[in-house]
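A closer look at the structure
Listed below are the residues making up each chain.
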Amino acid sequence: MTLEDQLPAKSWRERWKGISDEGSGGQSHTKRVRRKVGDEPDRFLKILLRQFDPLRRNRMYREVNAYRTLDHPRIPKIVDTNVQCYDDQSYDLYLV
């Protein structure tokens, strides 16, 4: 199943379990996570801090779309996100 085939999750916790906290910045909090189902390597999760700020939600949406346009072995690939729902504040925006 590809990223585009998945229905967006309201929260990262629906699909991922936290392994460790990795820090915070002005825009987001990061964690090391593992998918709840399957046997994949650990991943890096970015969670938007100010979930109800429309400017920050839009910024994260643009960030994910910029990542999707890049193709280089040293640039991480997006494996899961719900930023396509950035205009619906019932979604806690994240990317893995």
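Now for a description of the structure that goes with this document. Note that this is a predicted model, so its numbers are computed, not measured. (Residues numbered from 1 in each chain as written. Predicted model: local features only at pLDDT ≥ 70, side-chain atom pairs only at ≥ 80, totals over all residues. Heavy atoms only, no water.)

1. Overview of the pairing of strand 3 (residues 43-48)
Taken together, the six bridges between strand 2 (residues 28-35) and strand 3 define a ladder with antiparallel strand orientation. By the bridge assignment, Thr30 is partnered in strand 3 with Lys46. Where strand 3 lies against strand 4 (residues 94-95), two bridges are found, and the strand directions are antiparallel. The residue bridging Lys46 from the neighbouring strand is Leu95, located in strand 4. (Pairing = 2+ DSSP bridges. Helix = DSSP H or I, 4+ residues; strand = E, 2+ residues; numbered from the N terminus.)

2. Some details on the pattern of salt bridges
The tally for this structure, following the rule as stated, stands at nine salt bridges. As a salt-bridge pair, Arg32 and Asp42 come within 2.7 Å of each other at their nearest N and O atoms. With Arg32 in strand 2 and Asp42 in the loop between strand 2 and strand 3, this residue pair connects regions lying ten residues apart in the sequence. Taking relative accessible area as the criterion, Asp42 reaches 26% and is therefore assigned partly exposed. Between Asp42 and Arg34 there is a salt bridge whose closest N-O contact spans 2.7 Å. (Salt bridge = Lys/Arg side-chain N within 4 Å of Asp/Glu carboxyl O. Buried < 20%, exposed > 50% of the residue type's maximum accessible area, 1.4 Å probe, protein only.)

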